[in-house]
Amino acid sequence: MNRTPPPPGQSRKWEDWELPRDRHPRLNAKPDLSIETWAHQKALERLETERLASAGDSSD
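Residues numbered from 1 in each chain as written. Predicted model: local features only at pLDDT ≥ 70, side-chain atom pairs only at ≥ 80, totals over all residues. Heavy atoms only, no water.

**Topic: the overall build of the chain**
Helix and strand counts for the chain stand at two helices and zero strands. The burial tally for the chain puts 2% of its 60 residues in the buried class. Summed over its atoms, the accessible surface of the chain is roughly 6,000 Å², and 58% of this surface lies on carbon and sulfur atoms. (Helix = DSSP H or I, 4+ residues; strand = E, 2+ residues; numbered from the N terminus. Buried < 20%, exposed > 50% of the residue type's maximum accessible area, 1.4 Å probe, protein only. Areas by Shrake-Rupley, 256 points an atom, 1.4 Å probe, with all protein chains shown as cover.)

Put into structure tokens, the structure is as follows:
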């Protein structure tokens with residue numbers, strides 16, 4: 001982190017531990033905003049609502 005910059009025209013050599021630490025948290029934290037995920041969640045909510053409604057009807 002406190003290293004001197006490389007000479008002009010050369011890039012810095014990455015350490016083995018730097019790349020995973022730098023890249024993976026951003027990829028894992030990215031929300032899944034696909035239409036398939038949204039539709040799947042809505043279908044699960046609808047099934048749960050129907051299940052609760054039918055459970056309420058059968059207990060009367």
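Structure shown, so let's carry the discussion forward.
**What about the pattern of salt bridges?**
Across all of its chains, the model carries two salt bridges by this definition. As a salt-bridge pair, Lys 42 and Glu 45 come within 3.6 Å of each other at their nearest N and O atoms. You can see Lys 42 and its partner Glu 45 sitting in helix α2 (residues 35–58), three residues apart, about one turn around the helix. By relative accessible area, which is 36% here, Lys 42 ends up partly exposed. By relative accessible area, Glu 45 is classed as partly exposed at 37%. When the shortest N-O distance is used, the salt bridge between Glu 48 and Arg 51 registers 2.6 Å. (Salt bridge = Lys/Arg side-chain N within 4 Å of Asp/Glu carboxyl O.)

**Focus on the environment of Ser 34**
Inspection of the secondary structure puts Ser 34 in the loop between α1 (18–29) and α2. Residue Ser 34 is classed as partly exposed on the basis of its relative accessible area, which comes to 25%. Within the structure, the side chain of Ser 34 is placed 3.2 Å from the side chain of Asp 32, a separation counted as a polar contact. (Polar contact = N/O pair within 3.5 Å; in protein donor to acceptor, adjacent residues only side chain to side chain.)

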